[in-house]
Amino acid sequence: MAKEHQTKQFIRNAARKLFAARGYNAVAMRDIAEAIGKQPGGIYNHFGSKQAILVDLMQENLERAEAAAIAPLTDLSDPADRLEAFVRGHIAHNIDNPDDIFIAYMELRSLEGAGSKQIMAQRDAYEAALRGVLRDGQASGAFAIADPAIQARAILSMLGGITVWYRQTGPQSPADITECYVQAALQSVGATYTAPLER
């Protein structure tokens, strides 16, 4: 069982790199097989199709994003603290998983049938968690926003942009970037941002 799990992870890792580098439609199952030194038939023992690999990668990415950005919210009650925790977790996940994030945005169009419905439902649930934070802040008067749904999309769009320009070799550290985004997100809802050194 351990070997089967290891092989499946090798397939995921190879497909992730190939999809991110070439695009889903330009990658064949034989390309993935060659990348891990197997025959195409060896891939089908673990995934029924290339589409199944794509769905699996997106599902795995969303589960890790939820663990990073949503799970920490359960221990917090203040809406501003919850929004800050969400932003920090979301950015950390995006910075650590650039290929997954690229695939998540660029290959939504490649999803089909039940797989598409599954991934879209998970994405909707992720956004709904942020909407819940914003609704609570609006209801308590902590956030000055007109529409939590629109605000959630605006914040997610802002956070998603980091993968377009961020490079590990750049002058800004992940910590510096995170603080900028936390400040922008809090100020966008009318909440006060306090820099770490001032806390």
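Definitions and cut-offs
- Numbering of residues begins from 1 in every chain and follows the order in which that chain's sequence is written.
- Note on the predicted model: pLDDT of at least 70 is required for a residue's local features to be given, and 80 or more for side-chain atom pairs to be given and counted; whole-chain, interface and lining totals, by contrast, use all residues.
- Side-chain metrics rest on all non-hydrogen atoms present in the structure, leaving aside hydrogens and water.
- Strands here are runs of E lasting at least two residues and helices are runs of H or I lasting at least four, both read from the DSSP assignment and numbered beginning at the N terminus.
- Per-residue accessibility, obtained with a 1.4 Å probe over protein chains only, is compared with the maximum for each type, and a residue is labelled buried under 20%, exposed over 50%, and partly exposed between these values.
- Between Lys or Arg on one side and Asp or Glu on the other, a salt bridge is scored when a side-chain nitrogen of the former is within 4 Å of a carboxyl oxygen of the latter.
- Here, expected helix span is obtained from the residue count minus one, scaled by 1.5 Å.
- Residues count as neighbours in contact if any of their non-hydrogen atoms are within 4.5 Å of one another.
- Only protein atoms enter the 1 Å grid used here, on which a cavity is any set of points holding a 1.4 Å probe that cannot leave and a pocket is any open set flanked by protein within 12 Å on both sides along at least five of seven lines; residues with an atom within 4 Å of a point are listed as lining.
- Grid points are joined across faces, edges and corners, and a volume is the space filled by probe spheres set on the points.
- Residues were grouped as follows: Ala, Val, Leu, Ile, Met, Phe, Trp, Tyr, Cys and Pro as nonpolar; Asp, Glu, Lys and Arg as charged; and all remaining residues, including Gly, as polar.

Help me understand the overall build of the protein, please; the structure alone is not making it clear to me.
A count of helical and extended segments in the protein gives 10 helices and zero strands. Written out in order from the N terminus, the α and β elements of the protein read α-α-α-α-α-α-α-α-α-α. Each principal axis of the C-alpha distribution contributes one length, and for the protein these read about 60 × 40 × 30 Å. Expressed as a percentage of its 199 residues, the buried residues of the protein come to 44%.

Help me understand the pattern of salt bridges, please; the structure alone is not making it clear to me.
Side-chain pairs of opposite charge can arise whenever the charged atoms involved come near each other. What the rule picks out here adds up to 11 salt bridges. Arg-16 serves as the salt-bridge partner of Glu-60, at 3.0 Å between the closest nitrogen and oxygen. Here Arg-16 lies in helix H1 (residues 2-22) and Glu-60 lies in helix H4 (residues 50-69), a separation of 44 residues in the sequence. The salt bridge partner of Arg-16 is Asp-100, with a shortest N-O separation of 2.9 Å. Remark: Asp-100 occurs in helix H6 (residues 98-106) and Arg-16 occurs in helix H1; sequence separation between them is 84 residues.

Whenever I open this one, helix H10 (residues 174-188) confuses me. Can you help?
For H10, built from 15 residues, the straight-helix expectation of 21 Å at 1.5 Å per residue is met to within 8% by its first-to-last C-alpha distance of 21 Å. Every buried residue of H10 is listed here: Ile-177, Thr-178, Glu-179, Tyr-181, Val-182, Ala-185 and Leu-186. After H10 finishes, the residue Gly-190 shows a positive phi value of roughly 80°.

Explain helix H7 (residues 113-140) to me, please; I cannot follow it from the model alone.
Helical geometry note: an α-helix holds 3.6 residues per turn, so side chains three or four residues apart project in the same direction. The terminal C-alpha atoms of H7 lie 41 Å apart, and with 28 residues this matches the ideal 40 Å at 1.5 Å per residue to within 8%. Listed as buried for H7 are Gly-115, Ile-119, Gln-122, Tyr-126, Glu-127, Leu-130, Gly-132, Val-133, Leu-134 and Gly-137. Among the structural elements, H4, helix H5 (79-96) and helix H8 (148-160) are those in contact with the buried residues of H7. Positioned one or two residues after H7, Gly-141 has a phi angle of 85°, which is positive.

What is the right way to look at the layout of surface pockets in this model?
Over the atoms, a rolling probe the size of a water molecule traces out where space has been left empty. In this structure, the largest pocket occupies an estimated 400 Å³ of space. Residue lining of the largest pocket: 20 residues in total, with His-90, Tyr-105, Arg-123, Tyr-126 and Leu-156 positioned closest to the centre. When contributions to the lining of the largest pocket are tallied by element, the ones reaching two or more residues are H4, H5, H6, H7 and H8. Here the residues of the lining of the largest pocket are counted per class, giving 11 nonpolar, five polar and four charged. Volume-wise, the second largest pocket comes out at about 240 Å³. Lining the second largest pocket are 11 residues; nearest its centre among them are Pro-98, Asp-99, Thr-163, Tyr-166 and Arg-167. Elements with a contribution of two residues or more to the lining of the second largest pocket: H5, H6 and helix H9 (162-165).

Bear in mind that shape data such as this cannot, by itself, settle questions of function.
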